[in-house]
Amino acid sequence: MSNNIEFPSDRTEKLIPLVRKTFGDDMIIYADSNGSYTVDEAIRIGKILEEYKIDFYEEPVPFDWYEETKQVKTELKIPIAGGEQEPSMHNFRWLIANQALDIVQPDIFYFGGMIRSIKVARMAELFGMPCTPHISGSGLGYLYMMHFVSVIPNPGQFHEFKGFNKEIPLQCVTSDLNSDGGIVSVPTGPGSGIEIDPDFIAKHEIIKG
Ligand SMILES: [Mg+2]
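Residues numbered from 1 in each chain as written. Predicted model: local features only at pLDDT ≥ 70, side-chain atom pairs only at ≥ 80, totals over all residues. Heavy atoms only, no water.

Draft legend 1. Structural context of the packing of helix H4 (residues 89-97) against helix H5 (residues 114-126). Contact pair H4 / H5: the axes reach a minimum separation of 10 Å and the direction vectors enclose 15°. With respect to H5, the axis of H4 lies roughly parallel. Along this stretch, H4 crosses H5, giving a crossing that reads as right-handed. Listed contacts from H5 to Met89, Phe92, Arg93 and Ile96 of H4 are Arg116, Lys119, Val120, Met123 and Ala124. Considered class by class, the residues forming the contact of H4 with H5 number 6 nonpolar, no polar and 3 charged. (Axes fitted to C-alpha atoms, helices over the stretch in contact; angles between N-to-C directions. Helix = DSSP H or I, 4+ residues; strand = E, 2+ residues; numbered from the N terminus. Parallel < 35°, antiparallel > 145°, perpendicular 65-115°, else oblique. Left-handed = near helix turned anticlockwise from the far one by under 90°. Contact = heavy atoms within 4.5 Å. Nonpolar A, V, L, I, M, F, W, Y, C, P; charged D, E, K, R; others polar.)

Draft legend 2. Region of the structure containing the sheet that holds strand S2 (residues 56-58). The strand order across the open sheet formed by 4 strands is S1-S2-S3-S4, and the pairing between neighbours is parallel. The sheet is open, and its two borders are formed by strand S1 (30-32) and strand S4 (103-104), each paired with just one other strand. Two strands pair when backbone bridges link them, and S2 and strand S3 (residues 80-82) are joined in this way by 2 bridges, in the parallel orientation. For tyrosine 57, the partnering residue across the bridge sits in S3 and is isoleucine 80. (Pairing = 2+ DSSP bridges.)

Draft legend 3. Just the nonpolar core, in detail. In terms of nonpolar packing, the biggest core is built from 45 residues, with Leu49, Tyr57, Val72, Val104 and Phe148 touching the most fellow members. Among the secondary structure elements, those contributing two or more residues to this core are helix H2 (39-51), helix H3 (66-75), H4, H5 and helix H6 (141-151). With residues up to four places along the chain from it excluded, the contact list for phenylalanine 148 reads Ile108, Met114, Ser117, Ile118, Ala121, Cys131 and Pro133. (Core = buried A, V, L, I, M, F, W, Y, C linked by side-chain atoms within 4.5 Å. Buried < 20%, exposed > 50% of the residue type's maximum accessible area, 1.4 Å probe, protein only.)

Draft legend 4. Summary view of the packing of aromatic side chains. Scanning the model with the defined rule gives 6 aromatic pairs in all. With a centroid separation of 5.2 Å and an interplanar angle of 85°, the aromatic rings of tyrosine 142 and phenylalanine 164 are classed as edge-to-face. In this pair, tyrosine 142 is assigned in helix H6 and phenylalanine 164 in the loop between H6 and strand S5 (170-171), connecting sequence segments 22 residues apart. Taken together, a centroid distance of 4.9 Å and an interplanar angle of 70° make the contact between phenylalanine 161 and phenylalanine 164 edge-to-face. Through pairs of rings, three or more aromatic residues link up here, namely Tyr142, Phe161 and Phe164. The side chain of arginine 116 reaches across the aromatic face of phenylalanine 111, ending 4.1 Å from its centre. (Phe/Tyr/Trp six-rings, centres within 6.5 Å; stacked < 30°, edge-to-face > 60°. Lys NZ or Arg CZ within 6 Å of the ring centre and 35° of its normal.)

Draft legend 5. Summary view of the side chain of arginine 20. Structurally, arginine 20 can be placed in helix H1 (residues 11-23). Among the polar contacts made by the side chain of arginine 20, one reaches the main-chain carbonyl oxygen of methionine 27 at a distance of 2.8 Å. The residues touching arginine 20, leaving out its near neighbours within four places in the chain, are Asp25, Met27, Ile29, Tyr52, Lys53, Ile54 and Asp55. (Polar contact = N/O pair within 3.5 Å; in protein donor to acceptor, adjacent residues only side chain to side chain.)

Draft legend 6. Highlighting the environment of lysine 119. Mapped onto the elements, lysine 119 comes out in helix H5. It is 9.9 Å that separates the C-alpha atoms of lysine 119 and arginine 93, two residues lying 26 residues apart in sequence.

Draft legend 7. Seen up close, H4. Taken as a whole, H4 has its buried residues at Phe92, Leu95 and Ile96. Projected down its long axis, H4 carries its buried residues within an arc of 95°, all on one side. Buried residues along H4 sit against H3, S3, S4 and H5. At the N-terminal end of H4, a side-chain oxygen is found 3.2 Å from the backbone nitrogen of histidine 90, two or three residues along, and the residue is serine 88. Remark: glutamine 99 follows H4 within two positions and exhibits a positive phi of approximately 50°. (Arc of directions from axis to C-beta.)

Draft legend 8. Representation of the pattern of salt bridges. Evaluated as defined, the whole model comprises 5 salt bridges. Linking arginine 44 and glutamate 41 is a salt bridge whose minimum nitrogen-to-oxygen distance equals 2.9 Å. Of the two residues, arginine 44 and glutamate 41 both sit in helix H2, 3 residues apart, roughly one turn of that helix. Residue glutamate 41 is classed as buried on the basis of its relative accessible area, which comes to 17%. Here aspartate 102 makes a salt bridge to lysine 73, at a shortest N to O gap of 3.8 Å. Taken together, the residues span a long stretch of sequence, with aspartate 102 in the loop between H4 and S4 and lysine 73 in helix H3 at a distance of 29 residues. The exposure class of aspartate 102 is partly exposed, given its relative accessible area of 25%. Salt bridges linked by common partners bring Glu13, Glu41 and Arg44 together as one network. (Salt bridge = Lys/Arg side-chain N within 4 Å of Asp/Glu carboxyl O.)

Take a look at the structure:
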C-alpha cells in the first residue's frame, strides 16, 4: 500500500529478472505487490512480470480499488490474484461476477473462517476461477489451509505456506505433517485430524465476556 514508492528505489525492476534467472524457467513464481501501485504503475510492472513469465500477480492496486483492479486485469495477460484483505462477501461477489480477478484469495482467518471462505471459493468456481487462500503464519493456520484446499472444488496449483507451527504440542497419526518435496499429506479423521496435548489445553483459561 505504498502508492508507487519502494525502498530501495527501483528494486522491482532488478528483482523480477533476478528471481527468474536464479530459479530458472521451470519454476512457478507468484508475485505480490501488496496493493502498492496506482493503475498505470501496476500495468507497467505487470508487463515486466509478463516478460519474465511470472505466473501470477497479487494485489496490483489497493484491495478496495475494485474497478481499478479490473482495469489492470483487462490490460494484462498475467493472472491477477486478490482478496486477502477483503472482509465483505458482497464485494467478493462483485469481484467474481465482474471478473475483476483471475484467482480469489480469501484469508481463512481474516475473512471469518472456513465456511465463509468456502462460499467465496464456490462462487469463484461458477466463473471458472481457482482459489488460492491467503493464510496467516500463526496458530494452526497451515493445517486449516490444507483442509480448505482439499475440500474446495477449485484449488489453485500451489498454496501459501508459512511453515509448520511447532509451539502447539499435538499428535497426528494420519500424517507426519512434514513437507516432502513441497507436498504435505492432509490429516484425515474427525475435526482437523490432530489431537492437541490435553495438558497444554488445561493450562489455558476460558475467557468469559
Ligand atoms: Mg498478499
